[in-house]
Amino acid sequence: MAEGRGGASLASPEAVLEAGAVAAPAAAPAPVLAAAPPPRRAWAPLLQAAPLWLVLLLFFVFPLLATGVVSLWNYTEYSLVPDITRRNYVEMFEGCGNLSDGLCTTFRTYLSTLRLCGMVWAITLLLGFTVAYFLCFHIRSDGVRMALFLLCTAPFLTSNVIRMISWIPLLGREGVVNHALLAMRLVDQPQDWLLFSEFSVVLAFVHLYTLFVVVPVFNSMMRIDHRLLEAARDAGASAWQTIWHVVVPLAKPGLVIGSIFVIVLVMGDFVTIGVMGGQQIASVGKVIQVQMSYLQFPAAAAQAMVLLALVLVIIAVMTKLVDIRREL
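Residues numbered from 1 in each chain as written. Predicted model: local features only at pLDDT ≥ 70, side-chain atom pairs only at ≥ 80, totals over all residues. Heavy atoms only, no water.

- Named according to an unreviewed UniProt entry, the protein is ABC transporter permease originating from Roseicella frigidaeris.
- Its UniProt record gives the protein a comment under Sequence similarities (unreviewed entry), which states: "Belongs to the binding-protein-dependent transport system permease family. CysTW subfamily."
- As stated in UniProt under Subcellular location (unreviewed entry), the record for the protein gives "Cell membrane". (UniProt positions renumbered as here; feature names shortened; annotations may be inferred.)

This is how it looks when you write it as structure tokens:
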């Protein structure tokens, strides 16, 4: 410490700096920055989806492309000729342009298939909706509802062929149904139309494919709030009005999905039509099966491509009615 004139004390520069350092307020701590998230790898989702894409390519896309290519090949009685030709498609629709002579064989076959498909679709849709409605809105217990739903799936424990063939001893000329009709004197002689007819084909299809409508419709109905039905009844709506204006619109996704299942399965089926129809009912699937048995693979491939195009058009029209991606 130095002493100046008049007794005033002068502080050294070091002392002044020390005093300023003590008097100055402490500086605020620097904010701690959060660790930046690691950069997201754009190819990670692609790797996760790669197995599914591989399966689709191997078992869906490549077979369709192969079928389309083979449909353009030529063939002889003993071999395939890898040559680009329109022969298969021309022969398929040969004579279809002259409607004055009636419908050609191809058009009649497709109309027969569409008629069978329409009848099966209408019956399965009605039965499937009824069963799903009963399970959802008339069974209060969840345990009982699930038990009855599982009971509906019990027939799937056996193969389609066994379930289909089981109708033959029931509907045959000497079958149980004819014996019962004769015993009750409802008919005078056995009825031949019960088996090997369109009736038996439709019956077998309904038995096989009704569950494909029950499951998606049941799934859609389980999402419906029961208070909407109570509100409709409080507003004075009858039971039929409630079903038509409340249940059906809300269950439309399930109805469309079930319809797609049934249409796709029936349009390409040839085993059920062959067995239950007694090889007497024409269908597109049966034509393809016969052509393949005669080793006419290009002609069968052309039929398959036309059938695929028709089914895709039907599916496109039905998917316009509702956005089924929300349901899936």
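1. A closer look at the overall build of the protein
- Assigned secondary structure in the protein consists of 16 helices and 4 strands.
- When the 328 residues of the protein are sorted by exposure, 32% land in the buried category.
- The contacts in the protein between residues at least 6 apart in sequence include a share of 66% that link residues at least 24 apart.
- As displayed, the protein offers around 21,300 Å² of accessible surface, 69% of which is attributable to carbon and sulfur atoms. (Helix = DSSP H or I, 4+ residues; strand = E, 2+ residues; numbered from the N terminus. Buried < 20%, exposed > 50% of the residue type's maximum accessible area, 1.4 Å probe, protein only. Contact = heavy atoms within 4.5 Å. Areas by Shrake-Rupley, 256 points an atom, 1.4 Å probe, with all protein chains shown as cover.)

2. Describing the UniProt feature "transmembrane region" (unreviewed entry) in the protein
- In the numbering adopted here, UniProt assigns the feature "transmembrane region" (unreviewed entry) to residues 50-73, 118-136, 148-168, 193-218, 255-277 and 297-318.
- Between the C-alpha atoms that bound residues 193-218 the distance is 34 Å, and the span itself is 77% helix and 0% strand.
- Counted over residues 297-318, helix gives 100% and strand 0%. Its end C-alpha atoms are 31 Å apart.

3. A short note on the pattern of salt bridges
- Scanning all chains against the criterion turns up 5 salt bridges.
- Notably, a salt bridge pairs Arg145 with Asp142, separated by 2.6 Å at the nearest N-O pair. Placement of the pair is Arg145 and Asp142 together in helix α5 (residues 142-152), with a separation of 3 residues, close to one helical turn.
- In this structure Arg145 comes out as buried when scored by relative accessible area, which is 6%.
- A salt bridge links Asp192 to Arg173, with the nearest nitrogen and oxygen atoms 2.5 Å apart. In this pair, Asp192 is assigned in the loop between α8 (176-183) and α9 (198-209) and Arg173 in the loop between α7 (168-171) and α8, connecting sequence segments 19 residues apart.
- A relative accessible area of 51% means that Asp192 is categorised as exposed. (Salt bridge = Lys/Arg side-chain N within 4 Å of Asp/Glu carboxyl O.)

4. Points about the packing of aromatic side chains
- All told, the structure shown has 8 aromatic pairs when counted by the stated rule.
- A centroid spacing of 6.3 Å and a plane angle of 15 degrees characterise the contact between Phe129 and Tyr133, whose relative ring orientation is stacked. One end of the pair is Phe129 and the other is Tyr133, both in helix α4 (residues 105-137) and 4 residues apart, which spans about a single turn. The same class applies to Phe129 and to Tyr133, which are both buried.
- Aromatic ring contacts, followed pair by pair, group Phe205, Tyr209, Phe212 and Phe261 into a single cluster.
- Positioned above the aromatic ring of Tyr75, the side-chain terminus of Arg87 is 4.2 Å from the ring centre. (Phe/Tyr/Trp six-rings, centres within 6.5 Å; stacked < 30°, edge-to-face > 60°. Lys NZ or Arg CZ within 6 Å of the ring centre and 35° of its normal.)

5. What about the environment of Ile168?
- For Ile168, the location among the structural elements is in helix α7.
- Sequence-wise, Ile168 and Ser200 are 32 residues apart; in three dimensions their C-alpha atoms are separated by 9.0 Å.
- Beyond its immediate stretch of four places on either side in the chain, Ile168 contacts Leu195, Val275 and Met276.

6. Digging into the packing of α5 against helix α10 (residues 211-221)
- Running from N to C, α5 and α10 cross one another at 155 degrees; their axes reach a closest spacing of 11 Å. One way to sum up the angle between α5 and α10 is to call them roughly antiparallel. Residues Arg145, Phe149 and Cys152 of α5 touch α10, and the partners they reach there are Leu211, Val214, Val215 and Phe218. (Axes fitted to C-alpha atoms, helices over the stretch in contact; angles between N-to-C directions. Parallel < 35°, antiparallel > 145°, perpendicular 65-115°, else oblique.)

7. Focus on the environment of Leu80
- Looking at where Leu80 falls in the secondary structure, it is placed in strand β4 (residues 80-81).
- A residue is classified by how much of its surface remains accessible, and Leu80, at 36% relative accessible area, is partly exposed.
- Taking the C-alpha atoms as reference points, Leu80 and Pro298, separated by 218 residues in sequence, lie 7.9 Å from one another.
- Setting aside residues up to four positions removed in sequence, Leu80 forms contacts with Trp73, Asn74, Tyr75, Phe297 and Pro298.

8. Describing the state of the cysteines
- Within this structure, the stated rule accounts for 1 disulfide.
- Through a disulfide, Cys96 is tied to Cys104; the S-S separation comes to 1.8 Å. With the S-S bond torsion at 85 degrees, the cross-link from Cys96 to Cys104 turns out right-handed.
- Residue class for Cys104 comes out buried when judged on its relative accessible area of 8%. (Disulfide = S-S within 2.5 Å.)

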